[in-house]
Structures are given as C-alpha cells and as structure tokens.
Amino acid sequence: MKYFLKKTGILVLTIFLISLLTFFAFHIIPSDPARLILGTNASEAQVEALRVQLGIDRPLSDQYISWITGFVRGDFGTSTKYRMPVAELLASRLPVTLSLGLMALVLVLLAGIPLGILAARRRDTIWEQVINFLTMLGISVPNFFLSILFMWVFGLILHWFRPGTFVSYTRSLSGFIGSLFFPALSIAIPQTAVLVKYMRTAMLEELGQDYVRTARGKGASETIVLHIHVLRNAIVAVVPLIGMIIASVLSGSIIIEQVFSIPGIGKLLISAVTSRDFPLTQTLVVYVAIIIVLVNFLADIAIQVIDPRIRLGGS
Amino acid sequence: MKNGKFEFRVGFVLTGIILALAILSVFYTPYDINLMDKASRQISPCLSHLFGTDNYGRDVFSRAIVGTRFTMLVALSTVGSCTVIASVLGLLSGYAGGVVDEIIMRLIDAINSFPDILIALIIVTILDYGKYTIILALCVTFVPSFTRIIRTATIQYKNEVFVRSLRVMGVSDLRILLVHIFPNTWPRLLSTIVIGLSNAILAEAAMSYLGLGIQPPTPSWGRMLQEAQPIVYNAPWVALCPGLMIVVTIVGLNCIGEGLRKRYLT
C-alpha cells in the first residue's frame, strides 16, 4: 500500500513536470501565433484583437494555469489550423489509434512469448541461430520501411488490401480491422523481436536456477519444467518490458499512421507539427505522454500483483 | 560465438562496406545526385544505374551513398555531443551524490518520461527544420540513458579500494574522476555508443521520412523512402535501395554492439 501511494505520488509529479516542460518548451521561442494565423497582411489592430481573443496577451504563468485547468476539465483549447476544439479532434481519432495500438500489442504478445519459449527450448540447436538471426533482423528494420514493403507486396502485387484506404469502424467493423492489420503488423514486428530477445534471455537465466535442478531431479519432463516452472518466473522478468513495448507501439503508430494515412492521433500530431499548430501539438504531446506514463505505472503495479516476492516486501 | 568474435566480424564487414561507400561518395558518385533527366525516368536496375533511377531520373545509388554521408554525420554528431554531455552529467551525478545527484536525476527522469519521438517532435516544432535541429533533438532524447550508464559505473567505482587509496594519497577529485574512474566506464560506454548510433540512424531516418529532418535537395535515406512510396509499384528499387542500406547499417552496428557486450560485460 505504501509502495502504491509512493508510486502514485511520483506519477502525479511526473505528469505535472511533463505538462510544465511541454508548456514552457512551446513558449521559450518568441513567436506570435496571432500573426501566424492572420498572415503578414493583417493590420496591427487585427493581430492585437486576436491576441486578446486567444489569451496570449497575458503573462506566461496565467496562460499555463488556465491551460492546465482547462486540460483537467477536458477543455483542450482550440487548434489554430483546424479552427475547432482540440477535444473534438481528439475524440474522433482516439479510438482509431487505440485500436491500432491494441492490435499491435496483441500481435507482439501472441508471437513474442511462444517464440521466446521456442528459442529457449531449442537452445544449442540450429533453431536458436535461426531465431537469433530473425530477431536481429527484426530489430534492425525501420517500421516505416517494413510498411512500404507490405504495401508493395501485399497491397499492390497480391491485392490483399488497398493501400491508402481506411474503413471507419462506424461503417464496417471487419473492414476497420482489415485496414488496420498491416499497419499493426509493421508496428509489431520490431517490438516482437525485442520481446523474443528478452524472453529468451530471461528463460535461459531461470533455467540455471536451483529450483529447475530440483524440478528435474524429481523427474519433471522438459516441457513441464519450461512451461510450468520457468515460464512463470520469466514472465515476471518480462512484465516491465511490456510497459516499454506499449510506449514503443504508441510511438510507432505516430509514424505508421502517416505511412498508411490512417486518421489517428499520430497523423493529427504530425500534421500539427508540420503546420506549426502550437496549441494542438502541445496538447497532443502531453496527452500521449500521459497515456504512456500511465501505462508504465500500471505495469509497475502489475508486477506487484503478479510476483508475491515483491508484493510481500522481500529483500 | 561465445566471446562475440563472430558478431564482431559480421558487424565490421557490414558497417565497413557502408562507411566505405560514404567515404567514396565524397570523391566520386556515378552520377550527379541532383541531375534530373526526363528521358531516364524510373529505369530499372541495370549496369549503368546499379539501383535504377527515381521519378525524376536521378540515379538512386548515387543518392543513397550520398545520403549515407548525411545520415552518418547526423548520427555521429548526435552520439558524440550526447556522450560529452552525458559524461559530464553522469560523472558529476555519480561522484558528487547528494543534492547534485538528486537534481540531475530528477531532470533526467522528467526528460525520460517523454517517449523519444515526442521530444524530437517538440523540438522540431519550435525550431526550424534542418540537420542541426535534428541533431539537437536526438541528442536530448539520448542523454538520459547515456547519463544513467555513466552514473551507475561511477557509483560502482567510487567505493572501490583503488579509488579510496588514491584519495588517501591526496589525489584531487577531478584527477580521480577523469584519470581513474572515467576510463573504467569506457567498456560499458562503448557498447552504449554503438547501440546509440544505430538508434540515431533509425530516428533520423524516421524524422526525415516524416519530412521533419534533413530538407531537400540533400538526399537522406528517410526522405528517399518517402519519395519512393507513391511509386513503389512501378519502381520498387527506389524504395528498396535506401531501405536495405538502413537495414545493413543497423544490423552491422547491432552486431558490433552485441559483440562488445559479450566481450566486456559478461
């Protein structure tokens, strides 16, 4: 419980620091959004009026406080590019990015854990070399190059999907999942490689423990030793990595949404960056960062719940 | 295998090839990289154009090897400046301890709580695009992990017998840090640097792909991939050449990193 409170305290502090750093990062550089919106032809009076309307004539600390209180209440400000509330922009795109991330995560876990076990099981055989080689390759391929390859091979040559088309979940659920499959796969492959590598190392480390010798000594088969004894302990070692993988999956989706032109948070963020839409970028950055910090927080808590050694406060 | 010799060899051969091409491109490229020629658009790979030509008739191979140079430049200056900053922070934080350590580590934690790409995007939004911005952006994202590694090593050596006896002999703190502790952090730092290089190359390629990194007409691998995407059906080689060069470079660097890790850290 004490641990939980301490972690929550750190979580709140981290989120506060994230918002503070982001806000001031966007206000260090003297720039004039009002001038940016109206262009160079607008008169000084017009610009001044818009400044008051946008609230950028007030001191920085005031602006920060009103921004952060708005943020907490779900009022994320107004995008200068789209001229509409950021909250509305977010609402339509959040489900897309979350589904994409979830699909990628499921793929990573479905492929990564069995392959990690396989690599540990077939140690010192040709299989280990093959899996090592594939993980090395998987870690080395940039996810956006992978997506271009998928578009070329599966989209344009084999016609399994139509690149550049996106089916909304409101229209057809199966079409939605279909149009997210290859993007999710491109995000998942590099992360799977990372997971397999860690999983294998964790399994091999556990295999050297005393309890494995005991289990073998009482006649347990290799399958039982690996799946019942070793796997449970290896999973504990891998859970912190899951938090990291979720963060990477979300970062990955920022690029991949751009490649496949999927209307999610990532694509919105990139278009906000390229059009220098400060309010939108600022909010999206804080939003995504908070999601990722929360995920890591949950991963930390999950380890507590899973592993009695840590839960009961051993050494 | 066991002592990482095999990984070293593979790694050095692969990165060697890429580096050699990058150096070659300073003196010689088969074609002018910006020469546009309508007559030779989208030529498939042949002897005169090793990797064919792109949509504007520019030689893909020439552009890719020149792109290597810029990518390497960004990666090396990122990791170089990051190593310097992180060494100062890490040594200071680990050796001084107390309040200094606390301040530096909280700052590092705060930066670390952002995913790398978000920090890069913030910096790119508020500054102008270009290679100096991208170097700064990547440097900021890499400093936390580098600092942590040097700090951990410093703390470990701070209480070793040889450091304590040096202190008894009256050696100054600065000399202990720079001459006696810092060199001991190198084995760990070295593999971090190599992995950092491969991460920097991947990140630079991603930013350039998004159009936020190196600006045209300077070729870079990420940018070339972005330009190749719309014509991938008719001219896949335009995408394959820079893509494969990224993969070869990263595999090479990762092999060296893995070899270093096996050799020094186990």
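Bear in mind that the values here come from a model prediction, so they are computed numbers and not experimental data.

Another point: the overall build of chain B. What chain B contains, in helices and strands, is 9 helices and 0 strands. When the helices and strands of chain B are read in sequence order from the N terminus, they spell out α-α-α-α-α-α-α-α-α. Counting all 266 residues of chain B, 54% fall into the buried class. When contacts within chain B are restricted to residue pairs at least 6 apart in sequence, long-range pairs at least 24 apart make up 71% of them. Accessible surface computed for chain B: about 11,800 Å², of which carbon and sulfur atoms make up 67%.

The next thing to look at is the overall build of chain A. When you go through chain A residue by residue, the secondary structure sums to 13 helices and 0 strands. Along chain A, from the amino end to the carboxyl end, the secondary structure elements read α-α-α-α-α-α-α-α-α-α-α-α-α. Taken over 315 residues, chain A has a buried fraction of 44%. Summed over all atoms, the accessible surface of chain A reaches about 15,800 Å², with 67% contributed by carbon and sulfur. Averaging the positions of the 25 positive and the 17 negative side-chain charges in chain A gives two centres separated by 7 Å.

This brings us to the interface of chain B and chain A. Put simply, an interface is often sized by how much accessible area is lost when its parts join up. On the side of chain A, 41 residues touch chain B, which itself brings 37 residues to the contact. Contact between chain B and chain A buries roughly 3,500 Å² in total, counting both sides, with carbon and sulfur atoms accounting for 81%. Taken as a group, Phe114(B), Thr125(B) and Ile126(B) account for 16% of the area that chain B buries against chain A, more than any other trio of residues on that side. Inspection of the region where chain B meets chain A yields 1 salt bridge. Its salt-bridge partner being Glu258(B), residue Lys197(A) comes within 3.5 Å of it at the nearest N-O pair. Summed over the shared surface of chain B and chain A, the result is 2 residue pairs in polar contact (both at pLDDT 80 or more). Contributing elements (two or more residues each) for the side of chain B that touches chain A: helix H4 (116-126), helix H7 (173-209) and helix H9 (237-265) of chain B. For the side of chain B that touches chain A, a count of residues per class yields 30 nonpolar, 5 polar and 2 charged.

Bringing the pattern of salt bridges into the picture now. Note that side chains of opposite charge can pair when their charged atoms are close. Evaluated as defined, the whole model comprises 11 salt bridges over all chains. Three or more residues are tied together by salt bridges with common partners; here these are Glu102(B), Arg106(B), Asp109(B) and Arg148(B).

A surface patch of nonpolar side chains, about 600 Å² in accessible area, is lined by Ile126(A), Trp127(A), Val130(A), Phe133(A), Leu134(A) and Leu137(A). Inspection of the secondary structure puts Val130(A) in helix H6 (residues 126-140).

Attention shifts here to the side chain of Ser220(B). Residue placement: Ser220(B) occurs in the loop between H7 and helix H8 (221-228). We classify Ser220(B) as buried; its relative accessible area is 0%.

Another aspect to go through is unusual backbone geometry. Phi is positive for Ser261(A), which is not a glycine, with a value near 40°. As for its position among the elements, Ser261(A) is in the loop between helix H10 (222-259) and helix H11 (265-274).

All right, on to the confidence of the model for chain B then. For chain B, per-residue confidence averages 83 on the pLDDT scale, and residues scoring 70 or more make up 90% of the total. On the interface metric, ipTM, the complex scores 0.83, and its pTM is 0.85.

Residue pairs spaced three or four apart in an α-helix point in one direction, given the helix's 3.6 residues per turn. Most of H11(A) is tucked away: 8 of the 10 residues are buried. Regarding H11(A), the residues found buried are Ile265(A), Gly266(A), Leu268(A), Leu269(A), Ile270(A), Ser271(A), Ala272(A) and Val273(A). Buried residues along H11(A) sit against helix H5 (86-121), H10 and helix H12 (278-306) of chain A together with H4 of chain B. Following H11(A) by one or two positions, Arg276(A) has its phi on the positive side, about 50°.

Spanning 35 residues, helix H8 (residues 173-207) of chain A covers only 44 Å between terminal C-alpha atoms, well under the ideal 51 Å at 1.5 Å per step. At Phe181(A), H8(A) shows its largest kink, close to 35°, and the proline Pro183(A) lies no more than four residues downstream.

To continue, consider the packing of H10(A) against H11(A). All names here are of chain A. Between H10 and H11, the least distance of the axes is 7 Å, while the angle of their chain directions is 80°. The angle between the axes of H10 and H11 places the two elements in the roughly perpendicular class. Residues Ile254, Glu257 and Gln258 of H10 lie in contact with H11, whose contacting residues are Ile265, Gly266, Lys267, Leu269 and Ile270. Residues belonging to the contact of H10 with H11 are distributed by class as follows: 4 nonpolar, 2 polar and 2 charged.

With 92% of its residues at a pLDDT of 70 or more, chain A shows a mean pLDDT of 81. When pLDDT is averaged over each helix and strand of chain A, the minimum, 65, is found for helix H2 (residues 33-38) of chain A and the maximum, 87, for H5(A).

Further remarks concern the state of the cysteines. All names here are of chain B. Tallied over the entire structure, the rule returns 0 disulfides over all chains. Left without a disulfide partner, Cys139 is nearest to the cysteine sulfur of Cys82, which lies 4.8 Å away. Assessed through its relative accessible area of 6%, Cys139 is described here as buried.

All names here are of chain A. Along the polypeptide, Arg216 turns up in helix H9 (residues 210-217). For Arg216 and Ile177, which are 39 residues apart along the polypeptide, the C-alpha to C-alpha distance reads 45 Å. Once you skip the residues sitting within four places of it in the chain, Arg216 turns out to touch Arg123, Leu207, Glu222 and Val225.

The rules behind these values
Residues numbered from 1 in each chain as written. Chains lettered and ligands numbered in written order. Predicted model: local features only at pLDDT ≥ 70, side-chain atom pairs only at ≥ 80, totals over all residues. Heavy atoms only, no water. Helix = DSSP H or I, 4+ residues; strand = E, 2+ residues; numbered from the N terminus. Buried < 20%, exposed > 50% of the residue type's maximum accessible area, 1.4 Å probe, protein only. Contact = heavy atoms within 4.5 Å. Areas by Shrake-Rupley, 256 points an atom, 1.4 Å probe, with all protein chains shown as cover. Lys, Arg positive; Asp, Glu negative; His and termini not counted. Charge placed at Lys NZ, Arg CZ, Asp CG, Glu CD. Buried area = accessible area lost by both parts, 1.4 Å probe. Salt bridge = Lys/Arg side-chain N within 4 Å of Asp/Glu carboxyl O. Polar contact = N/O pair within 3.5 Å; in protein donor to acceptor, adjacent residues only side chain to side chain. Nonpolar A, V, L, I, M, F, W, Y, C, P; charged D, E, K, R; others polar. Patch = residues over 30% accessible without salt bridge, like charges linked within 9 Å, V, L, I, M, F, W, Y side chains within 5 Å. pLDDT = per-residue confidence, 0-100. Expected span 1.5 Å × (residues − 1). Bend = angle between axes of the 7 residues up to and from the residue. Axes fitted to C-alpha atoms, helices over the stretch in contact; angles between N-to-C directions. Parallel < 35°, antiparallel > 145°, perpendicular 65-115°, else oblique. Disulfide = S-S within 2.5 Å.

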